[in-house]
Amino acid sequence: MNKVTFKEEQVTIYGEYGEGSSIGFVFQRFGINQIFSLAEVYIVPKSLVEIQESDLTAENQIISPITDWISPYWIVAKNDIDIPNNGNKLTGGNHGTNNGEGDPTAEFVRLDVFIGNTQIKNGLSNMVVDKPITLVTTNLVEASNTHISYPRKIVEEKVTYVVKGSEIKVKVEFQVKEPAYIIEYSGLQTNGQYYDQFSIPNSEIEGWQPIGTQTYRSGAHEQYGLSSQIMLNKEGSSDWLVVSLDGYKKMSLADGVEMIQVMEAPVNKTYFRLLYDTSLMVEAGDVFWFKGSYSFTNSSPYNV
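Computed from a predicted structure; not experimentally measured.

(A) Inspection of the overall build of the protein chain at higher detail. The helix and strand inventory of the protein chain stands at zero helices and 22 strands. Taking 19 Å as the expected radius of gyration for a compact globule of 304 residues, we find that the protein chain reaches 19 Å, a close match to that expectation. Seen through its principal axes, the protein chain has C-alpha atoms that stretch 60 × 45 × 30 Å. Excluding contacts between residues fewer than 6 apart, the proportion of contacts in the protein chain whose partners are at least 24 apart in sequence is 66%. Counting only carbon and sulfur atoms, one obtains 46% of the accessible surface of the protein chain, whose full area is about 13,200 Å².

In C-alpha coordinates, the structure reads:
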(Lines give C-alpha, C1' and ligand atoms only; values in the text may rest on other atoms or scores of the structure.)
Protein backbone atom coordinates (compact mmCIF):
# COMPACT_ATOMS: atom_id res chain seq x y z
CA MET A 1 0.00 0.00 0.00
CA ASN A 2 1.23 3.51 -0.86
CA LYS A 3 0.07 7.11 -0.94
CA VAL A 4 1.06 9.31 -3.87
CA THR A 5 1.08 13.06 -4.53
CA PHE A 6 1.87 14.40 -8.02
CA LYS A 7 2.32 18.16 -8.29
CA GLU A 8 4.00 19.85 -11.23
CA GLU A 9 7.18 17.81 -11.83
CA GLN A 10 7.44 16.43 -8.30
CA VAL A 11 6.13 13.01 -7.28
CA THR A 12 6.03 12.12 -3.57
CA ILE A 13 5.32 8.52 -2.62
CA TYR A 14 4.77 7.26 0.92
CA GLY A 15 5.08 3.62 1.94
CA GLU A 16 4.74 1.60 5.11
CA TYR A 17 8.00 1.24 7.01
CA GLY A 18 7.43 -1.10 9.89
CA GLU A 19 4.88 -0.69 12.63
CA GLY A 20 3.80 2.92 13.14
CA SER A 21 6.31 4.44 10.71
CA SER A 22 6.36 5.46 7.06
CA ILE A 23 8.98 6.17 4.43
CA GLY A 24 8.69 9.05 1.98
CA PHE A 25 10.32 9.16 -1.46
CA VAL A 26 10.51 12.48 -3.29
CA PHE A 27 11.21 12.31 -7.02
CA GLN A 28 11.94 15.63 -8.69
CA ARG A 29 14.26 17.52 -11.02
CA PHE A 30 17.46 18.75 -9.37
CA GLY A 31 21.13 19.49 -9.89
CA ILE A 32 23.05 21.10 -12.72
CA ASN A 33 21.18 19.08 -15.38
CA GLN A 34 17.74 19.26 -13.76
CA ILE A 35 17.33 15.53 -14.40
CA PHE A 36 14.22 13.97 -12.86
CA SER A 37 15.34 11.41 -10.29
CA LEU A 38 14.93 10.13 -6.77
CA ALA A 39 16.03 13.15 -4.76
CA GLU A 40 15.00 12.84 -1.10
CA VAL A 41 14.14 10.07 1.37
CA TYR A 42 12.41 10.51 4.73
CA ILE A 43 11.62 8.18 7.63
CA VAL A 44 8.63 9.52 9.57
CA PRO A 45 7.32 8.11 12.88
CA LYS A 46 3.72 8.17 11.65
CA SER A 47 1.51 5.55 10.03
CA LEU A 48 0.72 5.62 6.32
CA VAL A 49 -2.76 6.92 7.15
CA GLU A 50 -1.40 9.82 9.23
CA ILE A 51 1.60 10.97 7.20
CA GLN A 52 1.33 14.26 5.28
CA GLU A 53 3.64 16.37 3.13
CA SER A 54 4.25 18.65 6.12
CA ASP A 55 5.99 15.72 7.86
CA LEU A 56 8.82 15.78 5.32
CA THR A 57 11.05 17.95 7.46
CA ALA A 58 14.81 18.16 7.92
CA GLU A 59 14.44 16.25 11.17
CA ASN A 60 13.00 13.25 9.31
CA GLN A 61 15.21 13.43 6.21
CA ILE A 62 17.82 10.71 5.72
CA ILE A 63 18.87 11.47 2.12
CA SER A 64 18.97 14.82 0.31
CA PRO A 65 19.63 15.57 -3.40
CA ILE A 66 23.34 14.76 -3.38
CA THR A 67 23.95 11.73 -5.61
CA ASP A 68 23.28 10.57 -9.15
CA TRP A 69 21.61 7.27 -8.12
CA ILE A 70 21.61 6.14 -11.74
CA SER A 71 25.09 7.60 -12.30
CA PRO A 72 26.85 9.56 -15.06
CA TYR A 73 28.66 8.42 -18.21
CA TRP A 74 32.20 8.71 -19.45
CA ILE A 75 31.60 8.42 -23.16
CA VAL A 76 33.51 10.01 -26.04
CA ALA A 77 32.25 10.52 -29.58
CA LYS A 78 34.32 9.18 -32.45
CA ASN A 79 33.65 11.98 -34.95
CA ASP A 80 33.26 15.78 -34.89
CA ILE A 81 34.80 16.25 -31.48
CA ASP A 82 36.03 19.13 -29.33
CA ILE A 83 39.69 19.99 -30.06
CA PRO A 84 40.85 20.91 -27.53
CA ASN A 85 38.21 19.66 -25.09
CA ASN A 86 37.43 21.24 -21.74
CA GLY A 87 39.00 18.42 -19.74
CA ASN A 88 35.63 17.13 -18.60
CA LYS A 89 35.04 13.39 -18.34
CA LEU A 90 31.66 12.62 -16.76
CA THR A 91 28.35 13.71 -18.25
CA GLY A 92 24.71 13.18 -17.39
CA GLY A 93 23.31 12.44 -13.95
CA ASN A 94 24.28 15.29 -11.60
CA HIS A 95 27.48 16.15 -13.48
CA GLY A 96 28.11 19.39 -15.35
CA THR A 97 31.28 20.40 -17.14
CA ASN A 98 32.97 20.94 -13.76
CA ASN A 99 31.79 18.08 -11.56
CA GLY A 100 28.44 19.25 -10.19
CA GLU A 101 28.87 22.77 -11.59
CA GLY A 102 29.72 24.50 -14.87
CA ASP A 103 27.46 24.00 -17.88
CA PRO A 104 24.76 21.32 -18.07
CA THR A 105 25.75 18.12 -19.88
CA ALA A 106 22.29 16.56 -20.15
CA GLU A 107 18.71 17.55 -20.89
CA PHE A 108 15.44 16.38 -19.35
CA VAL A 109 12.89 15.44 -22.04
CA ARG A 110 9.75 14.01 -20.47
CA LEU A 111 8.09 12.33 -17.50
CA ASP A 112 5.23 9.82 -17.51
CA VAL A 113 3.58 8.55 -14.33
CA PHE A 114 1.35 5.48 -13.99
CA ILE A 115 -0.64 3.81 -11.23
CA GLY A 116 -0.94 0.21 -12.32
CA ASN A 117 -1.50 0.51 -16.08
CA THR A 118 -3.30 3.86 -15.88
CA GLN A 119 -1.40 7.03 -16.72
CA ILE A 120 -2.02 9.91 -14.32
CA LYS A 121 -1.54 13.66 -14.59
CA ASN A 122 -0.31 16.14 -12.00
CA GLY A 123 -2.71 17.58 -9.49
CA LEU A 124 -3.00 14.35 -7.50
CA SER A 125 -2.81 14.64 -3.70
CA ASN A 126 -2.49 11.90 -1.05
CA MET A 127 -4.16 9.23 -3.15
CA VAL A 128 -4.04 5.80 -1.49
CA VAL A 129 -3.19 3.06 -4.00
CA ASP A 130 -2.64 -0.67 -3.84
CA LYS A 131 -0.95 -0.95 -7.24
CA PRO A 132 2.66 -0.21 -8.20
CA ILE A 133 3.51 3.40 -9.07
CA THR A 134 5.66 3.70 -12.18
CA LEU A 135 7.68 6.76 -13.18
CA VAL A 136 9.31 6.83 -16.62
CA THR A 137 11.71 9.65 -17.42
CA THR A 138 13.69 10.31 -20.60
CA ASN A 139 16.90 12.33 -20.87
CA LEU A 140 19.45 13.26 -23.52
CA VAL A 141 23.16 13.21 -22.61
CA GLU A 142 26.19 14.66 -24.38
CA ALA A 143 29.61 13.03 -24.65
CA SER A 144 32.56 14.47 -22.78
CA ASN A 145 33.90 15.76 -26.13
CA THR A 146 30.72 17.13 -27.76
CA HIS A 147 30.23 20.28 -25.71
CA ILE A 148 32.26 23.04 -27.42
CA SER A 149 33.02 22.73 -31.13
CA TYR A 150 30.11 20.50 -32.17
CA PRO A 151 27.65 20.65 -29.25
CA ARG A 152 25.15 17.81 -29.28
CA LYS A 153 23.65 14.98 -27.23
CA ILE A 154 24.66 11.48 -28.34
CA VAL A 155 22.89 9.30 -25.73
CA GLU A 156 19.15 8.89 -25.15
CA GLU A 157 18.43 7.53 -21.67
CA LYS A 158 15.17 6.10 -20.34
CA VAL A 159 14.89 5.43 -16.60
CA THR A 160 11.94 3.50 -15.18
CA TYR A 161 11.21 3.50 -11.43
CA VAL A 162 8.56 1.18 -10.01
CA VAL A 163 7.63 1.87 -6.39
CA LYS A 164 5.72 -0.61 -4.27
CA GLY A 165 5.71 -0.38 -0.50
CA SER A 166 9.21 0.64 0.56
CA GLU A 167 11.01 -0.82 -2.47
CA ILE A 168 12.07 0.98 -5.65
CA LYS A 169 12.80 -1.17 -8.67
CA VAL A 170 14.75 0.58 -11.40
CA LYS A 171 15.57 -0.16 -15.02
CA VAL A 172 17.90 1.99 -17.10
CA GLU A 173 18.00 1.73 -20.88
CA PHE A 174 20.21 3.88 -23.04
CA GLN A 175 20.86 4.08 -26.76
CA VAL A 176 23.95 5.57 -28.37
CA LYS A 177 23.05 7.67 -31.40
CA GLU A 178 26.44 7.68 -33.18
CA PRO A 179 29.79 5.85 -33.12
CA ALA A 180 31.52 6.34 -29.77
CA TYR A 181 33.66 4.78 -27.08
CA ILE A 182 32.26 4.08 -23.61
CA ILE A 183 35.08 4.25 -21.08
CA GLU A 184 33.09 4.07 -17.86
CA TYR A 185 29.53 3.72 -16.62
CA SER A 186 28.51 2.90 -13.05
CA GLY A 187 24.96 2.39 -11.82
CA LEU A 188 22.85 1.98 -8.68
CA GLN A 189 24.65 4.56 -6.59
CA THR A 190 23.96 5.29 -2.95
CA ASN A 191 25.57 7.68 -0.48
CA GLY A 192 26.58 7.61 3.15
CA GLN A 193 24.60 10.61 4.39
CA TYR A 194 22.59 8.43 6.78
CA TYR A 195 23.83 4.86 6.47
CA ASP A 196 27.33 4.48 7.90
CA GLN A 197 28.29 0.81 7.45
CA PHE A 198 28.01 -1.78 4.71
CA SER A 199 28.37 -5.44 3.85
CA ILE A 200 28.86 -7.04 0.43
CA PRO A 201 27.95 -10.76 0.30
CA ASN A 202 30.06 -12.99 -1.98
CA SER A 203 32.94 -10.52 -2.01
CA GLU A 204 36.46 -10.46 -0.61
CA ILE A 205 35.33 -8.05 2.12
CA GLU A 206 34.56 -9.83 5.38
CA GLY A 207 31.68 -8.72 7.59
CA TRP A 208 30.49 -5.15 8.14
CA GLN A 209 32.75 -2.20 7.40
CA PRO A 210 32.41 1.57 8.04
CA ILE A 211 31.59 3.92 5.17
CA GLY A 212 34.00 6.81 4.65
CA THR A 213 37.18 5.62 6.33
CA GLN A 214 38.77 4.21 3.16
CA THR A 215 37.91 2.97 -0.33
CA TYR A 216 36.73 -0.63 -0.43
CA ARG A 217 36.47 -2.92 -3.45
CA SER A 218 34.49 -6.12 -3.68
CA GLY A 219 37.31 -7.95 -5.47
CA ALA A 220 38.24 -8.73 -9.06
CA HIS A 221 35.09 -9.64 -11.01
CA GLU A 222 36.75 -12.76 -12.42
CA GLN A 223 36.76 -14.24 -8.92
CA TYR A 224 33.98 -12.33 -7.14
CA GLY A 225 31.46 -11.96 -9.97
CA LEU A 226 28.56 -12.98 -7.71
CA SER A 227 28.88 -9.87 -5.54
CA SER A 228 25.65 -8.42 -6.91
CA GLN A 229 24.26 -6.91 -3.70
CA ILE A 230 25.32 -4.38 -1.10
CA MET A 231 23.63 -3.90 2.26
CA LEU A 232 23.79 -0.56 4.08
CA ASN A 233 22.89 0.06 7.72
CA LYS A 234 22.79 2.89 10.22
CA GLU A 235 24.88 1.51 13.08
CA GLY A 236 22.81 0.86 16.17
CA SER A 237 19.53 1.08 14.27
CA SER A 238 17.22 -1.29 12.43
CA ASP A 239 17.29 0.88 9.28
CA TRP A 240 18.64 -0.94 6.25
CA LEU A 241 19.02 -0.27 2.55
CA VAL A 242 19.62 -3.29 0.34
CA VAL A 243 20.76 -2.52 -3.21
CA SER A 244 20.66 -5.36 -5.74
CA LEU A 245 21.82 -5.65 -9.34
CA ASP A 246 19.28 -7.97 -10.96
CA GLY A 247 20.32 -8.04 -14.62
CA TYR A 248 22.21 -6.24 -17.36
CA LYS A 249 23.16 -6.29 -21.03
CA LYS A 250 26.71 -5.87 -22.28
CA MET A 251 28.59 -5.53 -19.04
CA SER A 252 32.26 -4.98 -19.84
CA LEU A 253 34.95 -4.75 -17.18
CA ALA A 254 38.70 -4.70 -17.64
CA ASP A 255 40.72 -7.48 -16.00
CA GLY A 256 40.87 -7.19 -12.23
CA VAL A 257 38.11 -4.57 -11.91
CA GLU A 258 35.66 -5.02 -9.04
CA MET A 259 31.84 -5.19 -9.32
CA ILE A 260 31.20 -2.85 -6.38
CA GLN A 261 33.20 0.06 -4.98
CA VAL A 262 32.66 2.00 -1.73
CA MET A 263 34.35 5.40 -1.79
CA GLU A 264 36.18 7.04 1.10
CA ALA A 265 35.28 10.46 2.54
CA PRO A 266 34.26 13.01 1.49
CA VAL A 267 32.54 11.13 -1.37
CA ASN A 268 31.09 8.28 0.74
CA LYS A 269 29.30 6.75 -2.26
CA THR A 270 28.73 3.14 -3.20
CA TYR A 271 28.10 2.00 -6.74
CA PHE A 272 28.17 -0.92 -9.16
CA ARG A 273 30.65 -0.83 -12.01
CA LEU A 274 28.91 -1.86 -15.25
CA LEU A 275 31.31 -0.61 -17.91
CA TYR A 276 34.77 0.32 -16.75
CA ASP A 277 38.21 0.98 -18.21
CA THR A 278 37.24 -0.66 -21.48
CA SER A 279 37.10 1.94 -24.30
CA LEU A 280 34.22 -0.16 -25.57
CA MET A 281 33.50 0.72 -29.20
CA VAL A 282 29.79 1.21 -29.86
CA GLU A 283 27.88 1.96 -33.04
CA ALA A 284 24.88 4.15 -33.72
CA GLY A 285 21.77 2.39 -32.43
CA ASP A 286 23.47 0.17 -29.85
CA VAL A 287 21.30 -0.31 -26.74
CA PHE A 288 22.43 -1.13 -23.20
CA TRP A 289 20.37 -1.78 -20.08
CA PHE A 290 20.52 -2.82 -16.47
CA LYS A 291 17.94 -3.35 -13.76
CA GLY A 292 18.10 -3.50 -10.00
CA SER A 293 16.38 -2.41 -6.82
CA TYR A 294 16.61 -0.29 -3.69
CA SER A 295 14.86 -1.98 -0.75
CA PHE A 296 14.44 0.20 2.34
CA THR A 297 13.54 -1.85 5.40
CA ASN A 298 13.63 -1.72 9.18
CA SER A 299 13.83 -5.48 9.57
CA SER A 300 16.70 -7.86 8.91
CA PRO A 301 17.98 -7.52 5.31
CA TYR A 302 18.15 -11.30 5.11
CA ASN A 303 14.34 -11.27 5.03
CA VAL A 304 14.15 -8.85 2.06
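Let's pick the thread back up.
(B) A look at the side chain of Ser244. With respect to the helices and strands, the residue Ser244 is situated in strand S18 (residues 240-249). Among the polar contacts listed, one links the side chain of Ser244 to the side chain of Gln229, at a separation of 3.0 Å.

(C) Representation of the sheet that holds strand S4 (residues 35-44) in the model. Across the sheet, six strands lie side by side as S5-S4-S3-S2-S1-S9; this open sheet has antiparallel pairing. This sheet does not close on itself; its edge strands, each paired only once, are strand S5 (61-63) and strand S9 (124-129). Between one strand axis and the next, the sheet turns through 25° on average, direction left out of account. Judged from the nine bridges that link them, strand S3 (residues 22-30) and S4 form a sheet pairing that is antiparallel. Within the sheet, the bridge partner assigned to Phe25 lies in S4 and is Val41.

What counts as what
- Residues numbered from 1 in each chain as written.
- Predicted model: local features only at pLDDT ≥ 70, side-chain atom pairs only at ≥ 80, totals over all residues.
- Heavy atoms only, no water.
- Helix = DSSP H or I, 4+ residues; strand = E, 2+ residues; numbered from the N terminus.
- Rg over C-alpha atoms; globule rule 2.2 N^0.38 Å.
- Contact = heavy atoms within 4.5 Å.
- Areas by Shrake-Rupley, 256 points an atom, 1.4 Å probe, with all protein chains shown as cover.
- Polar contact = N/O pair within 3.5 Å; in protein donor to acceptor, adjacent residues only side chain to side chain.
- Pairing = 2+ DSSP bridges.
- Axes fitted to C-alpha atoms, helices over the stretch in contact; angles between N-to-C directions.

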